[in-house]
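# Examination of the molecular architecture
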Amino acid sequence: MGKVLVIYDSRTGNTEKMAFLVAEGARRVEGTEVRVKRVDEATKEDVLWADGIAVGSPTNMGIVSWKLKRFFDDVVGELWGEIDGKIACAFSSSGGWGGGAELACMSLLTILMNFGFLVFGVTDYVGKDLTLHYGTVLAGEPKTEEEKEACRRLGERLAQYVAIFFDGKKELLEYIRTFEGKFKN
């Protein structure tokens, strides 16, 4: 059974709403166990437990929140060399379009790569002009069905990769490849 951890920080509740939608998407993959944790509640044991991790941050001056940075420095830092090969992705909410959410996701992905996580983006279009190349990025809370689906798709793809690489469900790889790009503009 694949294990997915969704860890997030949220100041206004927007990133928290995204986190629960990401978890909902991960649960679409049969046999996936999902935990959702606010960064203040997450532990190194949660990280060790998980095969895949989705990390969400509010956009803070174009980068990751200080709470998430501290978590990776002080808590996950103790796991250096023990968590290589886990799969990870990122999501972020900013105050408005152009507010730096893609930069925040890139910051998260860089942090995750430094710990040996295998990171990914999603090439699918979940709606007109809405892709997840660096993770799910939104301005404010997820309002439209396309924005909600962007969050769900990220979680679903994480759970699919966990099922493929940790549970040996190679048939999901062909499903992903035929699905990618289905909704291109």
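Structural data are supplied above this passage.
Reference entry: report on the structure contained in this document. This one's a predicted model, so the numbers in the text were calculated from it and none came from an experiment.

### With respect to the overall build of the protein
Of regular secondary structure, the protein possesses six helices and eight strands. The helix and strand sequence of the protein, counted from the amino end, reads β-α-β-α-β-α-β-α-β-β-β-β-α-α. Here the protein has a C-alpha radius of gyration of 15 Å; the compact-globule value for 185 residues is 16 Å, and the two agree. Viewed in the frame of its principal axes, the protein has a C-alpha envelope of about 40 × 40 × 20 Å. Partitioning the contacts of the protein with sequence separation of at least 6, the portion at a separation of at least 24 is 75%. Carbon together with sulfur atoms contributes 52% to the accessible area of the protein, which is approximately 8600 Å² in total.

### Brief notes about the packing of helix α1 (residues 14–26) against helix α5 (residues 145–167)
Put simply, α1 and α5 touch, their axes get as near as 6 Å, and they point 50 degrees apart. The angle between the axes of α1 and α5 places the two elements in the oblique class. With respect to the hand of their crossing, α1 and α5 are arranged in right-handed fashion. Judged by residue contacts, Met18, Leu21, Val22, Glu24, Gly25 and Ala26 of α1 engage Lys148, Cys151, Arg152, Leu154, Gly155, Glu156 and Ala159 from α5. Grouping the constituent residues of the contact of α1 with α5 by class yields seven nonpolar, two polar and four charged.

### Describing the nonpolar core
One recurring pattern in soluble globular proteins is that nonpolar side chains are buried together. With 32 residues, the main nonpolar core has Val4, Val6, Phe91, Phe120, Leu154 and Leu158 as its most contacted residues. Elements supplying a minimum of two residues to this core: β1 (3–8), α1, β4 (87–94), β6 (122–127), β7 (130–132), α5 and α6 (171–179). If you tally residues by element for this core, the top one is α5, at nine residues. Setting aside residues up to four positions removed in sequence, Val6 forms contacts with Ala19, Val22, Ala23, Val34, Arg35, Val36, Lys37, Ala54 and Phe91. Within the second largest apolar cluster, 27 residues are counted, among which are Val64, Leu109, Ile111 and Leu112.

### Considerations on the pairing of β6
The pairing of β6 with β7 spans three bridges and is classified as antiparallel. Each residue of the ladder has a partner; that of Tyr125, found in β7, is Thr131. The turn joining β6 and β7, which pair antiparallel and follow one another in sequence, is formed by two residues; a positive phi near 65 degrees is taken by Asp129.

### Notes on the side chain of Ser93
Tracing the backbone shows Ser93 in strand β4. With a relative accessible area of 5%, Ser93 lands in the buried category. Polar contacts involving the side chain of Ser93 include one to the main-chain carbonyl oxygen of Gly140, which spans 2.7 Å. Filtering out sequence-adjacent residues up to four positions away, Ser93 remains in contact with Asn14, Thr15, Met18, Ser57, Pro58, Thr59, Leu138, Ala139, Gly140 and Glu141.

So, how was this worked out
Residues numbered from 1 in each chain as written. Predicted model: local features only at pLDDT ≥ 70, side-chain atom pairs only at ≥ 80, totals over all residues. Heavy atoms only, no water. Helix = DSSP H or I, 4+ residues; strand = E, 2+ residues; numbered from the N terminus. Rg over C-alpha atoms; globule rule 2.2 N^0.38 Å. Contact = heavy atoms within 4.5 Å. Areas by Shrake-Rupley, 256 points an atom, 1.4 Å probe, with all protein chains shown as cover. Axes fitted to C-alpha atoms, helices over the stretch in contact; angles between N-to-C directions. Parallel < 35°, antiparallel > 145°, perpendicular 65-115°, else oblique. Left-handed = near helix turned anticlockwise from the far one by under 90°. Nonpolar A, V, L, I, M, F, W, Y, C, P; charged D, E, K, R; others polar. Core = buried A, V, L, I, M, F, W, Y, C linked by side-chain atoms within 4.5 Å. Buried < 20%, exposed > 50% of the residue type's maximum accessible area, 1.4 Å probe, protein only. Pairing = 2+ DSSP bridges. Polar contact = N/O pair within 3.5 Å; in protein donor to acceptor, adjacent residues only side chain to side chain.

Any link to function would need more than the numbers given here.
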